[in-house]
Amino acid sequence: MVYELRIYRCVPGRLPALLSRFQNHTLRIWEKHGIRQAGFWTTLIGESSQELTYMLAWNSLAEREKRWAAFLADPEWLAIAAETERDGQLVADISSQLLAPTAFSAVN
C-alpha cells in the first residue's frame, strides 16, 4: 500500500469554497474513478489555518498514475473545477508526498 499526503494551501479566504468543492463534488468523482481517501484535516494550530491536508490510499504507484490521470481528464471534474473557480483561484500551492508504511505502522 502507498499513501499520498497532499496539502493544499488556499488563497486567503477561499478554504470554505475548497471544502465545499470536495464535499459536494470531488469525492463523488473520485468514487467513480476508484480513488480512496484515508482522511481529511484542516489545521487548528500550526503555520496556517488556510490549509487542507488529506491522504489517499493506493495499492501501487501504477494504480495512482492510472486513476489520478483519469480523474484529472474527467470532463465532469474539469467543468466543476472551472465553475468553482469562476470567482478566482481556490488553491495557491499544493504539496504532495508518496509514503510507504513501515513494518510496524498501524495502517498495515
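Each remark here, short or long, concerns the structure printed above.
Here we summarise the structure given alongside this text.

About the cut-offs
- Residues numbered from 1 in each chain as written.
- Predicted model: local features only at pLDDT ≥ 70, side-chain atom pairs only at ≥ 80, totals over all residues.
- Heavy atoms only, no water.
- Helix = DSSP H or I, 4+ residues; strand = E, 2+ residues; numbered from the N terminus.
- Expected span 1.5 Å × (residues − 1).
- Buried < 20%, exposed > 50% of the residue type's maximum accessible area, 1.4 Å probe, protein only.
- Arc of directions from axis to C-beta.
- Contact = heavy atoms within 4.5 Å.
- Salt bridge = Lys/Arg side-chain N within 4 Å of Asp/Glu carboxyl O.

**Structural notes on helix H2 (residues 61-73)**
Next up, step 1: Between its first and last C-alpha, H2 extends 18 Å over 13 residues, near the 18 Å set by a 1.5 Å rise per residue.
Next up, step 2: Within H2, the full set of buried residues consists of Glu63, Arg64, Trp68 and Phe71. Down the axis, H2 shows its buried residues gathered within 110 degrees of arc, on one side only. Turned more than 90 degrees from where H2 packs its buried face, Ala62, Glu65, Lys66 and Ala73 sit exposed.
Next up, step 3: Where H2 is buried, its residues contact strand S1 (2-10), helix H1 (15-33), strand S2 (36-42), strand S3 (51-58), helix H3 (75-84) and strand S4 (91-99).

**Observations concerning the pattern of salt bridges**
Next up, step 1: Under the definition given, this model contains eleven salt bridges.
Next up, step 2: Notably, a salt bridge pairs Glu4 with Arg64, separated by 2.8 Å at the nearest N-O pair. Note that Glu4 is positioned in strand S1 and Arg64 in helix H2, a separation of 60 residues in sequence.
Next up, step 3: On the basis of relative accessibility, which here comes to 0%, the residue Glu4 falls in the buried class.
Next up, step 4: A salt bridge links Glu83 to Arg86; the nearest nitrogen and oxygen atoms lie 1.9 Å apart.

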